[in-house]
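# Coordinate inspection notes
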Amino acid sequence: MNPEELWAFLGRNPMLGLALAGITVAIVYTEVMRVFRGFKGLRPAELTALINGENALVVDLRPSAEFEKGHIPGSKNVQMAQFDPENKALANARALPVVAVCKAGTTAVDAAKRLRKAGFERVYVLEGGIGAWQGADLPLAKGRGK
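Residues numbered from 1 in each chain as written. Predicted model: local features only at pLDDT ≥ 70, side-chain atom pairs only at ≥ 80, totals over all residues. Heavy atoms only, no water.

In the annotation of an unreviewed UniProt entry, the entry for the chain reads Membrane protein, and the organism field reads Luteimonas terricola.

### Quick look at the packing of helix H1 (residues 3-12) against helix H2 (residues 14-36)
Look at H1 against H2: their axes get within 5 Å of each other, and the N-to-C directions meet at 110°. With respect to their mutual orientation, H1 and H2 come out roughly perpendicular. Seen from H1, the contacting residues are Phe9, Leu10, Gly11 and Arg12; seen from H2, they are Pro14, Leu16 and Gly17. When the residues that make up the contact of H1 with H2 are grouped by side-chain class, the tally is 4 nonpolar, 2 polar and 1 charged. (Axes fitted to C-alpha atoms, helices over the stretch in contact; angles between N-to-C directions. Helix = DSSP H or I, 4+ residues; strand = E, 2+ residues; numbered from the N terminus. Parallel < 35°, antiparallel > 145°, perpendicular 65-115°, else oblique. Contact = heavy atoms within 4.5 Å. Nonpolar A, V, L, I, M, F, W, Y, C, P; charged D, E, K, R; others polar.)

### What about the sheet that holds strand S1 (residues 40-42)?
What the 5 strands build is an open sheet, ordered S1-S5-S4-S2-S3; its pairing is parallel. A strand with exactly one partner marks an edge of an open sheet, and here the two such strands are S1 and strand S3 (76-77). Here strand S2 (residues 57-60) runs beside strand S4 (residues 98-101); their pairing, made up of 4 bridges, is parallel. Pairing of valine 58 across the sheet is with valine 99, part of S4. Strand contacts of helix H6 (residues 107-117): S4 and strand S5 (123-126), with the helix running at about 175° to S5, the strand carrying the most contacts. (Pairing = 2+ DSSP bridges.)

### Some points on H6
Among the residues of H6, those classed as buried are Ala108, Ala111, Ala112 and Leu115. For H6, the arc enclosing every buried residue in end-on projection is 100°, short of the 170-degree limit, so these residues lie on one face. Remark: glycine 119 follows H6 within two positions and exhibits a positive phi of approximately 105°. (Buried < 20%, exposed > 50% of the residue type's maximum accessible area, 1.4 Å probe, protein only. Arc of directions from axis to C-beta.)

### Topic: the pattern of salt bridges
With the rule as written, the count across this model stands at 3 salt bridges. Of the charged contacts in the structure, one is a salt bridge between glutamate 46 and arginine 43, with a shortest N-O distance of 3.6 Å. A relative accessible area of 53% means that arginine 43 is categorised as exposed. For aspartate 60, the salt bridge is made with arginine 62, and the minimal N-O distance between the two is 2.9 Å. Both residues of the pair, aspartate 60 and arginine 62, belong to the buried class. (Salt bridge = Lys/Arg side-chain N within 4 Å of Asp/Glu carboxyl O.)

Shown next as structure tokens:
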């Protein structure tokens, strides 16, 4: 398709052109915000490598009952309502990579923003949450954990 055909199509279908422009702006905005948000998303395999290679601290933000049914081995459970990046228990983790995990990956974004604001430099979020971990067929620990 050449530019003349595109302009002719857009002239005949202004609503489709407007929709295309809106979708394009939304995609560009989302990607720009992802670059500047201050933390990175990880896939389950990347999280495994980070845990094994750099002793990453995994913070599971799900309710205790869900955590006890199955969680990433070695993760710590902290409910989002009680999550405080200034907590003494997290103070020693400032030098470590910290990975926020929740059920689907959305709550963890809020925790990651708070960690970055509190001065943590290596902050990550497990994309897709614990569901992505299970989908990758990785093991879950049961019970209270750490």
